[in-house]
Amino acid sequence: MAEPKNEEDVVRKFNLLRQEVQQIMSKIAELESEAKEHELVIKTMGPMEEDRKCFRLVGGVLVERTVGEVLPAVKKNKEGLEQVLAKLREQMEEKNKELSAFQAKYNIRMKSASGTQEEKMAQSGNQGVLVEES
C-alpha cells in the first residue's frame, strides 16, 4: 500500500493492519483447536489393535476403516497442522512488528474509554493520530 497522504489514510491503514493481525490470530486459534482434537484421537487410538474397526469422516461421508489405516493419516495431518501453525505464528510476529513500526512512525495512540490518552497527548504537545479501539 502506498504511503498514507492524510490522517484518514493513516487510520485506515492502521485499522487494516490490526484487522490482519486479528485474522491471523483467529486462524491460529482455530488450527490449535484442530491440532488438540487430532492429539486426542491419537491418544485414544494409540493403544487399540491395528485391525480394529473405526470410522473416519472424509468429505462429509463417514467411511469404515481400521485403526491401522486411520492412525498414520491422523498423525500425518497433525504434523501438517503444526507446520502451518508455525508459519502462521511467524506471519503474526512479522505483522505485529509492522503494526508497531507503523504505530510508532505516525505516533498513533489508542483512545481509552476514559479519554486519558487524549488528555496526555494534549498536555505533552505531541501531535499524532488518535484511534478508537474497536
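Please read all numbers here as calculations on a predicted model, not as lab measurements. (Residues numbered from 1 in each chain as written. Predicted model: local features only at pLDDT ≥ 70, side-chain atom pairs only at ≥ 80, totals over all residues. Heavy atoms only, no water.)

(A) Up close: the side chain of Lys78. Along the chain, Lys78 falls in helix H2 (residues 67-105). Apart from the residues lying within four places of it in its own chain, the contact partners of Lys78 are Ala35, His38, Glu39 and Ile42. (Helix = DSSP H or I, 4+ residues; strand = E, 2+ residues; numbered from the N terminus. Contact = heavy atoms within 4.5 Å.)

(B) A look at a nonpolar patch on the surface. Taken together, Phe55, Leu57 and Leu62 make up a surface patch of nonpolar side chains, about 360 Å² in accessible area. By secondary structure assignment, the location of Leu62 is in strand E2 (residues 61-66). A residue is classified by how much of its surface remains accessible, and Leu62, at 59% relative accessible area, is exposed. (Patch = residues over 30% accessible without salt bridge, like charges linked within 9 Å, V, L, I, M, F, W, Y side chains within 5 Å. Areas by Shrake-Rupley, 256 points an atom, 1.4 Å probe, with all protein chains shown as cover. Salt bridge = Lys/Arg side-chain N within 4 Å of Asp/Glu carboxyl O. Buried < 20%, exposed > 50% of the residue type's maximum accessible area, 1.4 Å probe, protein only.)

(C) Inspection of the environment of Gln103 at higher detail. Tracing the sequence through the fold places Gln103 in helix H2. The spacing of Gln103 and Val129 is 26 residues in sequence and 9.0 Å in space, taken between C-alpha atoms.

(D) Spotlight on the packing of helix H1 (residues 7-45) against H2. Two elements in contact, H1 and H2, have axes separated by 8 Å at closest approach and are oriented at 160°. Relative to H2, the element H1 is oriented roughly antiparallel. Crossing hand, H1 versus H2: left-handed. (Axes fitted to C-alpha atoms, helices over the stretch in contact; angles between N-to-C directions. Parallel < 35°, antiparallel > 145°, perpendicular 65-115°, else oblique. Left-handed = near helix turned anticlockwise from the far one by under 90°.)

(E) Structural detail: H1. Under the 1.5 Å per step criterion, the end-to-end length of H1 is 57 Å for 39 residues, consistent within 8% with the ideal 57 Å. The backbone nitrogen of Glu8 has a side-chain oxygen 3.1 Å away, supplied by the residue at the start of H1, namely Asn6. (Expected span 1.5 Å × (residues − 1). Polar contact = N/O pair within 3.5 Å; in protein donor to acceptor, adjacent residues only side chain to side chain.)

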